[in-house]
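Structure at a glance
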Amino acid sequence: MDIYSNDPRFTIKGVRTLTVKPKQPVLGFQARAKIYYSDYSGPSTGPGIKLKLDRLDLEGDYQFYTKQKGWSWAAGATYNIGGF
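A brief report on the enclosed structure follows. (Residues numbered from 1 in each chain as written. Predicted model: local features only at pLDDT ≥ 70, side-chain atom pairs only at ≥ 80, totals over all residues. Heavy atoms only, no water.)

Brief notes about the pairing of strand β4 (residues 42-53)
- Pairing between strand β3 (residues 27-38) and β4: 12 bridges, direction antiparallel. Bridging across to β4, Arg32 finds its partner in Gly48.
- Linking β3 back to β4 in an antiparallel pair, the connection comprises 3 residues.
- Both β4 and strand β5 (residues 56-65) contribute to a ladder of 8 bridges, which runs antiparallel. Looking at the pairing, Lys50 lines up with Glu59 of β5.
- In this structure, the hairpin formed by β4 and β5 is closed by a connection of 2 residues, where Asp54 is found at a positive phi of approximately 55°. (Pairing = 2+ DSSP bridges. Helix = DSSP H or I, 4+ residues; strand = E, 2+ residues; numbered from the N terminus.)

Digging into unusual backbone geometry
- In this structure, Asp54 takes a positive phi of about 55° despite not being glycine.
- When you line up the elements, Asp54 lands in the loop between β4 and β5.
- Of note in the backbone geometry, Lys69 takes a positive phi value of approximately 50° without being a glycine.
- Among the residues examined, Lys69 registers a relative accessible area of 67% and is labelled exposed. (Buried < 20%, exposed > 50% of the residue type's maximum accessible area, 1.4 Å probe, protein only.)

Concerning the sheet that holds β4
- Overall, antiparallel pairing links the 4 strands, which are arranged β3-β4-β5-β6 in an open sheet. On the outer flanks of this sheet lie β3 and β6 (70-79), each paired with one strand and no other. Taken over all neighbouring pairs, the strand axes of this sheet differ in orientation by 20° on average, direction set aside.
- Inspection of the sheet shows β5 paired to β6 by 10 bridges, in the antiparallel sense. By the bridge assignment for β6, Gln63 is matched with Ser72. (Axes fitted to C-alpha atoms, helices over the stretch in contact; angles between N-to-C directions.)

Notes on the layout of surface pockets
- In this structure, the largest pocket spans a volume of roughly 200 Å³.
- What lines the largest pocket is Gln24, Pro25, Lys52, Asp54, Arg55, Asn80, Ile81, Gly82 and Gly83.
- A class-by-class count of the residues in the lining of the largest pocket yields 2 nonpolar, 4 polar and 3 charged. (1 Å grid on protein atoms, 1.4 Å probe; cavity = no way out; pocket = protein on both sides within 12 Å on 5 of 7 lines; lining within 4 Å. Points joined across faces, edges and corners; volume = space filled by probe spheres on them. Nonpolar A, V, L, I, M, F, W, Y, C, P; charged D, E, K, R; others polar.)

As for the pattern of salt bridges
- In total, this model carries 4 salt bridges according to the counting rule given.
- Between Lys50 and Asp57 there is a salt bridge whose closest N-O contact spans 3.4 Å.
- Among the residues examined, Lys50 registers a relative accessible area of 17% and is labelled buried.
- Note on Asp57: relative accessible area 6%, which makes it buried.
- Salt bridges sharing common partners tie together Lys50, Lys52 and Asp57. (Salt bridge = Lys/Arg side-chain N within 4 Å of Asp/Glu carboxyl O.)

Structure representation (structure tokens):
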């Protein structure tokens, strides 16, 4: 969010423009429905979950692989080092 004015006399603590960035949530949870394709295992689909702890994302899913005609689970972690 940007706060500014065309009036040259308007300042906030001596600054003409103030930008306020929203804080990212430190803790979050998501339930997901995933669809995935790999040239090795083919298409797969199934439920998944994601737990967000600040910059660390922990994910797990249970996928049905159509080529193998069976279910398999997977888990992983991602550490976010930056972005734009």
